[in-house]
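Observations on the model geometry
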Amino acid sequence: MRRALPLLAMLVGTMMATHSLTASAAEYPLPPDNSRLIGENTTYVVPNDGQPLEAVAAKYQIGLIAMLEANPGTDPYLPKAGSVLTIPSQMLLPDTKREGIVVNLAELRLYYYPKGEDKVIVYPIGIGQLGRNTPEMVTSVSQKIPNPTWTPTANIRKAYLKDGIKLPGMVPAGPENPMGLFAMRLSAGTGQYLIHGTNANFGIGMRVSSGCIRLRPDDIEALFNTVPKGTRVQIINQPIKYDIEPDGKRYIEVHQPLSHTEKDDPQTKPIALTAAMKKFIKHDDTNAAMVKEAITRRSGMPVVVNVGDKATGTAPAASDPQTASTPQPVVSTASTQ
């Protein structure tokens, strides 16, 4: 994705006027080991209330870019009243070890697998902006810090100064601290990477940070209170996820890849395919044309790509709009067969 600062600059005024919305965590029953499909999509009818798209995203525990991927052409500042939005709450679990925290940078999501519990909790996140990338790594939580202070580095202060913002040498804990009220330091490197909160009502589900992983205030508080020190943290970058469910359905989920330069267009930037992905596409049961369409569309939602299935659009069936007032994460039928 391109650097998010231009969009953020336009959103700031709107978001500061938006009241904070509280949503329960997106918690899903953990499917069997041979299944990775969780949740279901819903739809939402935009009311005539003047709220920006971020307000809807926060209500349903979705990141802003994920909402735009699922609903291309939607005005992020003022969605059209009466329009029907897809809430992309169905997803494939990353093809990784189901332990601790897993962050997939490309989809801007954090997955937490509580030890000894058959569930996964999913949070939208903000990650490092272009030039200050959040790195891929396997690490752990080394320190839990309530009420953190923020000491911006010389490079960060210099970057902000170019935008006319003079940062102090240290920002004390409190409501003005951009790290929010909770932070968890990762053991990698010199400890410069943290999972922390924010004091702003925008930027989650976008590339906005200086390399850290950022969550909405309610989300970081919940994660902070449940994640033990020493928890394994794996950070990956997988714009394409795919899976064969127990019932034989073949799914692909494609997200916009992370940009490497300012000129990259995340909607058209080529996505490298792994050998395993190529094998999946070439299989007799896979409709290669539908895979190509999904890679072009990049909806961020699982799409069935079996031979014989009709292309009915990239969004899976969604429930009735009138039932979408609160999130209802459930395991898909395919994952329990």
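What this report covers is the structure whose coordinates are included nearby. (Residues numbered from 1 in each chain as written. Predicted model: local features only at pLDDT ≥ 70, side-chain atom pairs only at ≥ 80, totals over all residues. Heavy atoms only, no water.)

Ile101, Leu110, Ile195, Leu215 and Leu223 are the most contacted members of the largest nonpolar core, which has 42 residues in total. Other than its neighbours up to four places away in sequence, leucine 110 contacts Ile101, Val102, Val103, Ile121, Val122, Tyr123, Ile125, Ile195, Ile213, Leu215 and Leu223. Formed by 13 residues, the second largest nonpolar core is a distinct cluster that contains Ile271, Val291, Ile295 and Val303. (Core = buried A, V, L, I, M, F, W, Y, C linked by side-chain atoms within 4.5 Å. Buried < 20%, exposed > 50% of the residue type's maximum accessible area, 1.4 Å probe, protein only. Contact = heavy atoms within 4.5 Å.)

Attention shifts here to unusual backbone geometry. The phi torsion at leucine 108 lies on the positive side, around 55°, for a residue other than glycine. Here leucine 108 shows up in the loop between β6 (100-104) and β7 (109-113). The backbone phi angle of asparagine 147 is positive, close to 50°, even though this residue is not glycine. Structurally, asparagine 147 is set in the loop between β10 (137-146) and α4 (154-162). (Helix = DSSP H or I, 4+ residues; strand = E, 2+ residues; numbered from the N terminus.)

The next subject is helix α6 (residues 275-282). When we look at burial in α6, the residues that qualify are Met277, Phe280 and Ile281. Along the axis of α6, the buried positions cluster into a sector of 95°, meaning they face one direction only. When the buried face of α6 is taken as reference, the exposed residues oriented beyond 90 degrees from it are Ala275, Lys279 and Lys282. Buried positions along α6 lie against β16 (240-244), β17 (250-254) and α7 (288-297). (Arc of directions from axis to C-beta.)

Let's shift gears to the packing of aromatic side chains. Where two aromatic rings form a pair, the distance of their centres and the angle of their planes describe that pair. Scanning the entire structure with this criterion turns up three aromatic pairs. Taken together, a centroid distance of 5.0 Å and an interplanar angle of 45° make the contact between phenylalanine 182 and phenylalanine 224 tilted. Taken together, the positions of phenylalanine 182 in strand β11 (residues 182-186) and phenylalanine 224 in helix α5 (residues 217-226) put the pair 42 residues apart, joining distant regions of the chain. Phenylalanine 182 sits in the buried class, given a relative accessible area of 16%. It is lysine 144 that lies over the ring of phenylalanine 224; its NZ or CZ is 4.8 Å from the centre. (Phe/Tyr/Trp six-rings, centres within 6.5 Å; stacked < 30°, edge-to-face > 60°. Lys NZ or Arg CZ within 6 Å of the ring centre and 35° of its normal.)

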